[in-house]
Amino acid sequence: MGSTQLERFRMNKQRRHILISSSVVTAVAAFGLPPAFSGKRDVHGGPVDVHIELRAAPDLINIRPGSPTQVWRYKGKLLSGDPGVLDLSAGGYLGPVIRLRRGQRVRIDLINGLPESTIIHWHGLHVPEAMDGHPRYAVDPGERYTYEFTVVNRAGSYWFHPHPHGRTGKQVYYGLAGLLQVSDAEEDALGLPTGAQDLSLVFQDRSFDSENQLIYLSERLGATPPQRSTQGGMMGGRMGGMMGGGMMNRGSTRAGGMGGMAGMMGMFGDEILVNGKPGATLDVVPRAYRLRLLNASNSRIYKLAWHDDTPLTVIGTDGGLLEAPLQRNHVMLAPAERLDLWVDFSRWPAGTPLTLQSLAFDSGTGGMGGMMGNMMGGSGALADGAPFTVLSVRVQGGVPHAAKPLPPRLATLPAADPSAAVNAGSAKVFDLTMGMMKWGINGRSFEMLETTALETVKLGTQEIWEFRNDSSGMMSMAHSMHVHGQQFRVLSRSYGSNGGAHPESAGFIDEGWKDTVLVMPGERVRILKRFADYTGLFLYHCHMLEHEDSGLMRNYRVVA
Ligand code: C2O
Ligand code: CU
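Structure report, in brief. All values reported here derive from a predicted model rather than from experimental measurement.

When a metal holds four donors in a tetrahedron, each ideal angle between them is 109.5 degrees; when it holds six in an octahedron, the ideal angles are 90 or 180 degrees. The coordination sphere of the copper ion (ligand 2) contains the protein donors His479 (ND1), Cys542 (SG) and His547 (ND1), at a distance range of 2.0 to 2.1 Å. Each donor residue of the copper ion (ligand 2) belongs to the same chain, with the gaps between them written as H-x62-C-x4-H.

If you want it as structure tokens, here you go:
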């Protein structure tokens with residue numbers, strides 16, 4: 001680290017410390033804990049295997065025919081390391097694909113070129129608290145944040161996105177997201193499809209106005225079309241006209257009025273983008289492929305199936321490969337979840353029109369959620385649980401390559417042993433609640449530095465947590481619960497008063513390592529999670545980003 005950079009780092013640290021100390025008073029007074037800021041940043045400026053710069057900034061790109069669309073996106077630059085680390089060919093507005101090896105030491109400079117504060121979270125990676133993108137580390141426009149960590153995760157498909165307080169939904173929606181893939185020797189040994197046969201598919205739903213500009217809740221990115229001058233803070237698009245001014249506030253993160261409510265229930269766009277492109281078509285050759293799916297939508301759940309009911313072969317989830325492949329007729333993919341599929345396209349004759357569908361399902365969304373979801377999607381709204389085509393696939397002609405058979409055993413995972421938990425007899429219960437028009441967990445909404453006794457865990461232990469979505473009626477909605485830190489295992493689910501299986505349970509992939517789990521209305525889901533390596537303050541929250549931004553997020557603290 002050069003001396004000016006070091007100086008800047010010290011100044012930033014100092015400045016942040018001052019900013020934090022005013023808001024920390026209540027937490028400290030209430031819990032007698034030192035400020036969370038004790039977590040020192042392990043940035044040495046020493047040699048690293050990979051050094052990347054990621055600049056978050058506005059950009060103008062072509063998404064639909066006609067006018068270009070204003071977006072916010074990550075632009076990557078490889079400062080040192082193997083050129084294969086940064087794949088800049090990712091589609092549309094998506095950030096570069098970052099390809100890392102397990103064991104690598106990585107430095108990443110985030111440069112904030114946005115008009116508001118931001119910070120990046122490496123979703124699914126296990127990193128020290130100051131590297132995890134907690135909103136308290138958000139940096140102002142023009143500032144930078146330097147991350148440095150060692151990749152300890154096993155091979156798998158992870159991703160990165162913003163995590164500032166109350167504005168994650170908006171920033172992701174405007175385009176800030178990218179893939180981060182980790183490889184390791186265990187995975188290499190399997191000989192899974194690589195190169196052009198290892199494809200990532202990022203699913204997102206968006207709404208555009210008649211000038212091709214993104215509409216987030218009531219807010220249009222760039223208040224005026226690109227060719228005119230900008231006037232900040234104007235209502236734009238359909239919703240502005242439909243709902244009338246003032247009903248939907250910018251950001252909509254505060255309770256109150258229709259705006260607060262709509263913002264809370266979730267953003268459902270009426271166009272499905274794959275890798276940032278609408279109406280996506282994938283050309284494949286008649287060979288075996290690895291398809292890495294990520295649901296990077298703000299709130300939409302997908303129920304994925306091939307149009308002809310060919311079973312899906314699932315080989316991996318959030319935290320990498322499963323022990324053995326699974327066959328399913330359809331799979332549910334909640335916001336932030338990943339699935340790796342193995343597909344042998346030689347099974348279909350060349351020229352067969354093939355589509356990946358999202359099937360209709362009952363999301364269980366109560367009256368208010370359903371209504372607001374529909375309204376927010378605009379007049380042609382694609383409601384929560386409505387069916388649609390996700391992707392078209394064209395199988396090219398040619399001599400089919402005999403697909404290398406998929407190994408029957410992919411990995412060895414430790415057994416998920418509930419008796420290893422320190423609270424084996426009594427799961428910690430986290431009720432997903434709605435009170436006073438604000439989401440919460442056990443009735444508490446997010447506070448920057450707050451944790452309760454229940455949210456305190458001991459370093460090196462395992463715990464059983466139970467997420468309860470007992471909500472019903474008007475405010476019932478599914479939640480996609482994500483816990484930062486190490487990957488966890490799903491132990492069990494129960495649904496309804498007699499503890500049966502949810503009607504959609506055939507599509508849940510609960511096997512393997514997970515960092516995000518769908519909890520449908522009426523469901524209770526138990527997970528087993530280890531808290532090793534790093535002490536400090538970490539997040540757990542609903543990954544339906546409007547829920548997260550309006551309170552359905554809390555901290556947990558790992559103590560020595
Ligand atoms: Cu992908 Cu806390 O988030
Ligand atoms: Cu939620």
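By secondary structure assignment, the location of Arg328 is in strand β19 (residues 320-328). Separated by 180 residues in sequence, Arg328 and Phe508 place their C-alpha atoms 9.4 Å apart. Apart from residues no more than four positions distant in its own chain, Arg328 is found in contact with Pro311, Leu312, Ala506, Gly507, Phe508, Ile509 and Glu511. Separated by 3.2 Å, the side chain of Arg328 and the backbone oxygen of Ala506 make a polar contact.

So, about the packing of aromatic side chains. Describing an aromatic ring pair means giving the distance of the ring centres and the angle of the ring planes. Tallied over the full model, the rule gives 26 aromatic pairs. Where Trp122 meets Phe149, the ring centres are 5.9 Å apart and the plane angle is 50°; that geometry is what we call tilted. Separated by 27 residues along the polypeptide, Trp122 in strand β6 (residues 120-123) and Phe149 in strand β7 (residues 144-150) bring together distant segments of the chain. Across this residue pair, the class does not change: Trp122 and Phe149 are buried. Here the aromatic rings of Phe531 and Tyr556 are separated by 5.3 Å at their centres, their planes lie at 75°, and the arrangement is edge-to-face.

To continue, consider the sheet that holds strand β26 (residues 456-458). In spatial order, the strands read β26-β33-β32-β28-β30; together these five strands make up an open sheet with mixed pairing. Lying at the two open borders of the sheet, with one neighbouring strand each, are β26 and β30 (516-519). Between one strand axis and the next, the sheet turns by 25° as a mean value, whatever way the strands run. In terms of strand pairing, strand β28 (residues 479-483) meets strand β32 (residues 536-542) through three bridges, oriented antiparallel. In the strand pairing of β32, Val483 is matched with Tyr540.

Membership of the largest hydrophobic core comes to 55 residues, with the highest contact counts inside it found for Leu54, Ile98, Trp122, Tyr147, Phe149 and Leu180. If you list the elements that add at least two residues to this core, you get β1 (50-61), β2 (69-80), β4 (97-101), β5 (105-112), β6, β7, β8 (156-162) and β9 (178-183). Filtering out sequence-adjacent residues up to four positions away, Ile98 remains in contact with Ile52, Leu54, Val85, Leu86, Trp122, Phe160, Leu179, Leu180 and Gln181. Residues Val457, Tyr534, Phe538 and Val558 belong to the second largest nonpolar core, which totals 37 residues.

Let's shift gears to the pairing of strand β13 (residues 271-274). Here four bridges tie strand β10 (residues 198-206) to β13, and the two strands are oriented antiparallel to one another. Residue Gln204 lies in a different strand from β13, and its bridge partner there is Leu273. Judged from the two bridges that link them, β13 and strand β14 (residues 277-278) form a sheet pairing that is antiparallel. Paired with Leu273 across the bridge in β14 is Pro278. As consecutive antiparallel partners, β13 and β14 are separated by two residues, and within that stretch Asn275 has a phi angle of approximately 50°, a positive value.

Scanning the model with the defined rule gives 38 salt bridges in all. Residues Glu148 and Arg107 are paired through a salt bridge, measuring 3.0 Å at the closest nitrogen-oxygen approach. Of this pair, Glu148 sits in strand β7 while Arg107 sits in strand β5; the two residues are 41 residues apart in sequence, bridging distant segments of the chain. Accessibility expressed as a relative area gives 10% for Arg107, which makes it buried. Put simply, Glu450 and Arg554 hold a salt bridge, and the shortest N to O gap is 2.7 Å. Taken together, the residues Glu450 in the loop between β25 (438-441) and β26 and Arg554 in strand β33 (residues 553-559) connect sequence positions 104 residues apart. Across the pair, Arg554 and Glu450 agree in class, each one buried. Taken together, the shared-partner salt bridges in this structure form one network comprising Asp318, Glu337, Arg338, Lys514 and Asp515.

The phi angle at Asn275 is positive, at roughly 50°, despite the residue not being glycine. Position of Asn275 among the secondary structure elements: in the loop between β13 and β14. Residue Asn275 is classed as buried on the basis of its relative accessible area, which comes to 18%. We note that Ala336 has phi near 85°; this positive angle belongs to a residue other than glycine. Positionally, Ala336 belongs in the loop between β20 (331-333) and β21 (338-344).

What follows covers the sheet that holds β25. The strand order β25-β24-β27-β31-β29 describes an open sheet built from five strands, whose pairing is mixed. Of all the strands in the sheet, the pair left with one neighbour each is β25 and β29 (488-495). The average undirected angle you get between the axes of adjacent strands in this sheet is 20°. In the sheet, strand β24 (residues 428-435) pairs with strand β27 (residues 461-468) via four bridges, with the strands oriented parallel. Looking across to β27, one finds that Phe430 is bridged to Phe467.

Parameters and conventions
- Residues numbered from 1 in each chain as written.
- Chains lettered and ligands numbered in written order.
- Predicted model: local features only at pLDDT ≥ 70, side-chain atom pairs only at ≥ 80, totals over all residues.
- Heavy atoms only, no water.
- Donors = N, O, S within 2.8 Å, 3.2 Å for Na, K, Ca; no water.
- Helix = DSSP H or I, 4+ residues; strand = E, 2+ residues; numbered from the N terminus.
- Contact = heavy atoms within 4.5 Å.
- Polar contact = N/O pair within 3.5 Å; in protein donor to acceptor, adjacent residues only side chain to side chain.
- Phe/Tyr/Trp six-rings, centres within 6.5 Å; stacked < 30°, edge-to-face > 60°.
- Buried < 20%, exposed > 50% of the residue type's maximum accessible area, 1.4 Å probe, protein only.
- Pairing = 2+ DSSP bridges.
- Axes fitted to C-alpha atoms, helices over the stretch in contact; angles between N-to-C directions.
- Core = buried A, V, L, I, M, F, W, Y, C linked by side-chain atoms within 4.5 Å.
- Salt bridge = Lys/Arg side-chain N within 4 Å of Asp/Glu carboxyl O.

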